[in-house]
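Structure assessment
Below are the chains, spelled out letter by letter.
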Amino acid sequence: MPELPEVETVRRGLAPLMEGQRLRRVLQRRPDLRFPLPSDFVARLEGRRVVAIERRAKYLLFRLDDGAYLLCHLGMSGRMLMVDDPDLPLGKHDHVVFETEAGLQVRFNDARRFGIMDILPDEAALTSHPLLAALGPEPLGNAFSGPVLAAGLKGRRSPIKAALLDQRVVAGLGNIYVSEALFHAGLSPRRSAHTVQGARAERLALAIRDVLTRAIAAGGSSLRDYVQADGELGYFQHAWAVYGREGERCPDCDCLEPGDVSGVGIRRIVQSGRSTFYCPSRQR
């Protein structure tokens, strides 16, 4: 599933193409994605101008000129595809098509149909929407810091890896970047979350921000179902320190050298049904 850097990459790809543009035509090819689309979906979007494209956690928010918002989640395989030839045949999984007054088409392609689209009447509805109301702080926002993270982890007895995947603690984090951030902070994914306080929380907050920033700059992570808005694959996976590297030596560490306490280099374990990669020598 696309994580925060992938969604932010898509947002940055869409913004210069859609912001300020009027939606000349909206094509809805099915009544639902993961959930039913609003009954007046097309009528509420056609003719509206896209004022701005924003992001909250892993959600894209298209702010319209009447004050409403189009909320979109890419799901597991959703892609926003740019097409400059409206006559190009639609693909089987092109479920929603937005055509701007400039003649550009943005096609939402979602083979697994785990994506979400909804229309919210105004900004106030964003804070109360069931998908957004309980979200924690944005990890790249000014409100996120070591003390804020420590407060969110206080009293939690689950492993720190599981706690960070809880969107109420930090918004937008997913499996890949949690593994990467814990590595750079030197914290074991098995560590009880409530022990990440003080200097540990400060280290982890900085690592989260740094990993996400570098991933966005690199264009997101190129997974099987993910492409950027312009069709180009991201490439941050080339910079992964631990994710997907079981048995290898981690960067700037003496894994796999004589005296290595683990004897295996980067290790893979399963937590809550998800793969976790970490270095037992470096992460405590």
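Below is a summary of the structure that appears in this document.

The rules behind each value
- Residues numbered from 1 in each chain as written.
- Predicted model: local features only at pLDDT ≥ 70, side-chain atom pairs only at ≥ 80, totals over all residues.
- Heavy atoms only, no water.
- Helix = DSSP H or I, 4+ residues; strand = E, 2+ residues; numbered from the N terminus.
- Expected span 1.5 Å × (residues − 1).
- Buried < 20%, exposed > 50% of the residue type's maximum accessible area, 1.4 Å probe, protein only.
- Phe/Tyr/Trp six-rings, centres within 6.5 Å; stacked < 30°, edge-to-face > 60°.
- Lys NZ or Arg CZ within 6 Å of the ring centre and 35° of its normal.
- Axes fitted to C-alpha atoms, helices over the stretch in contact; angles between N-to-C directions.
- Parallel < 35°, antiparallel > 145°, perpendicular 65-115°, else oblique.
- Left-handed = near helix turned anticlockwise from the far one by under 90°.
- Contact = heavy atoms within 4.5 Å.

Right, let's talk about helix α1 (residues 4-18) for a bit. Residue pairs three or four apart in sequence face the same way in an α-helix, which turns once every 3.6 residues. Helix length check: α1 (15 residues) gives 20 Å between terminal C-alpha atoms against 21 Å at 1.5 Å per residue, within 8%. With 11 of its 15 residues buried, α1 lies for the most part within the structure. The complete set of buried residues in α1 reads Leu 4, Pro 5, Glu 6, Val 7, Glu 8, Thr 9, Val 10, Arg 11, Leu 14, Ala 15 and Met 18. At the C-terminal side of α1, Gly 20 shows a positive phi close to 85°.

Aromatic ring pairs: the centre-centre distance and the angle between the two ring planes describe each pair. Scanning all chains against the criterion turns up two aromatic pairs. Between Trp 240 and Tyr 243, the aromatic rings sit 5.0 Å apart at their centres with planes inclined by 80°, giving edge-to-face as the arrangement. In this structure Trp 240 comes out as buried when scored by relative accessible area, which is 12%. With a centroid separation of 5.0 Å and an interplanar angle of 70°, the aromatic rings of Tyr 243 and Phe 277 are classed as edge-to-face. Within this pair, whereas Tyr 243 is found in the loop between α7 (198-218) and β9 (267-271), its partner Phe 277 is found in strand β10 (residues 274-278), the two being separated by 34 residues in sequence. Under the relative-accessibility criterion, Tyr 243 is labelled buried at 19%. The ring of Phe 183 carries Arg 282 above its face, with NZ or CZ at 4.4 Å from the centroid.

A separate point is the packing of helix α4 (residues 146-153) against α7. The packing of two helices is summarised by the inter-axis angle and the distance between the axes. The interhelical angle for the contact between α4 and α7, taken along N-to-C directions, is 110°, at an axis separation of 8 Å. When the interaxial angle is binned, α4 and α7 end up roughly perpendicular. Both α4 and α7 take part in a crossing whose hand is right-handed. Facing α4, whose interface residues are Gly 146, Pro 147, Leu 149 and Ala 150, α7 presents Ala 201, Glu 202, Leu 204, Ala 205 and Ile 208.

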